[in-house]
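# Structure at a glance
What follows is each chain in one-letter form.
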Amino acid sequence: MRILMLGDIVGEPGRRLLERFLPELRHKLSADFVITNGENAAHGNGINENIARHFFGSLGVDAITTGNHAFDVKGISAYFQHEPRILRPANWPPGTPGKGYLKVHTATNEELLIVNLIGRVGMQAVADCPFRTIDAVLAKERADIVVIDIHAEATSERQALGWYLDGRASAVLGTHTHVPTMDEKILPNGTAFVTDIGMVGPYGGVIGMDKNCSLSRFLNVKGERWKVAESDLQLHGILIETQGRKTIRLERVFRKL
């Protein structure tokens, strides 16, 4: 099975990149399933129902993962409650709206489990341990293929989770920091890993935000309001090809407007 995972979609520039390149990528790469992280899709902060519906409908995205900004847009909690294809971190406290994982039967007649986790190191989020949470999910849900989005700040936490799940997950793919890392690999027991797959959005700023707004927050007592950058639009992602639970091929995906 061939699975395409795209990094954090950032604002209107990220949505434009997705519209421009996803149909081509799905065809050219023969992707059976497409996952995107959409937690920055609305103005760089959160996601709304119209954007999610557009991703699922017109663009053919199969699953959307999120992270610490999942519920930043007012009213989105209700959409998480009734749309199982949009995920919030599985290790958020009990009672949080929505689901943290999705299991589907694919066109290749396999069961695919997608799990959304959030890190705890350096994150301003109330979360349970991602290691124990994934143990509990895997004990409960059996699937042929398991793909993890680990949305975390610390590279060490993401890399540790990769080693922890080597042989138990098909892929452990990092998101959140928006800067692609050049460490994609298949671990000894068949798990694909990359610390951060990068974002789909404007690289002509600071992690997707306008550089002047970002600089003001480092230089002044009260910084300017965030706004999304507009230049150097790049799409980053990872394609994995699985055989059973193991990944047998891993390819970095890149496009630029």
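## Focus on the sheet that holds strand 5 (residues 101-105)
The six strands lie next to each other as 5-6-7-8-10-9, forming an open sheet whose pairing is mixed. Looking along the sheet, the strands with just one partner apiece sit at the ends: strand 5 and strand 9 (185-186). Along the sheet, helix 4 (residues 130-140) makes contact with strand 5, strand 6 (111-118) and strand 7 (145-151), crossing strand 6 at roughly 160°. In this fold helix 5 (residues 155-164) packs onto strand 6, strand 7, strand 8 (171-175) and strand 10 (192-194), with an angle of close to 170° to the strand it touches most, strand 8.

## A short note on the nonpolar core
In this structure, L4, L18, L22, I47, F55, I64 and I86 are the most contacted members of the largest nonpolar core, which totals 35 residues. With five residues, the top contributor of residues to this core is helix 1 (residues 11-28). Each residue touching I86, except ones within four places of it in the same chain, is listed here: I47, A52, F56, I64, T66, Y79, F80 and K99. By size, the runner-up hydrophobic cluster in this structure holds 20 residues, among which are M1, L87, L173 and I240.

## Some points on the side chain of E157
With respect to the helices and strands, E157 occurs in helix 5. Although buried, E157 forms no salt bridge, and the nearest oppositely charged side chain, R120, lies 5.2 Å from it.

## A word on the packing of aromatic side chains
Applying the stated criterion to the full structure yields three aromatic pairs. Taken together, a centroid distance of 5.3 Å and an interplanar angle of 75° make the contact between F131 and Y164 edge-to-face. Taken together, the residues span a long stretch of sequence, with F131 in helix 4 and Y164 in helix 5 at a distance of 33 residues. Here F131 falls in the partly exposed class, since its relative accessible area comes to 22%. We classify Y164 as partly exposed; its relative accessible area is 37%. Members of the aromatic cluster, joined through ring pairs, are F71, F80 and W92. R85 extends its terminal NZ or CZ atom over the ring of F56, reaching a point 4.1 Å from the ring centre. When the ring centre of Y164 is taken as reference, the NZ or CZ atom of R168 above it lies at 4.9 Å.

About the cut-offs
- Residues numbered from 1 in each chain as written.
- Predicted model: local features only at pLDDT ≥ 70, side-chain atom pairs only at ≥ 80, totals over all residues.
- Heavy atoms only, no water.
- Pairing = 2+ DSSP bridges.
- Helix = DSSP H or I, 4+ residues; strand = E, 2+ residues; numbered from the N terminus.
- Contact = heavy atoms within 4.5 Å.
- Axes fitted to C-alpha atoms, helices over the stretch in contact; angles between N-to-C directions.
- Core = buried A, V, L, I, M, F, W, Y, C linked by side-chain atoms within 4.5 Å.
- Buried < 20%, exposed > 50% of the residue type's maximum accessible area, 1.4 Å probe, protein only.
- Lys, Arg positive; Asp, Glu negative; His and termini not counted.
- Salt bridge = Lys/Arg side-chain N within 4 Å of Asp/Glu carboxyl O.
- Phe/Tyr/Trp six-rings, centres within 6.5 Å; stacked < 30°, edge-to-face > 60°.
- Lys NZ or Arg CZ within 6 Å of the ring centre and 35° of its normal.

Worth remembering: the numbers are spatial, not functional.
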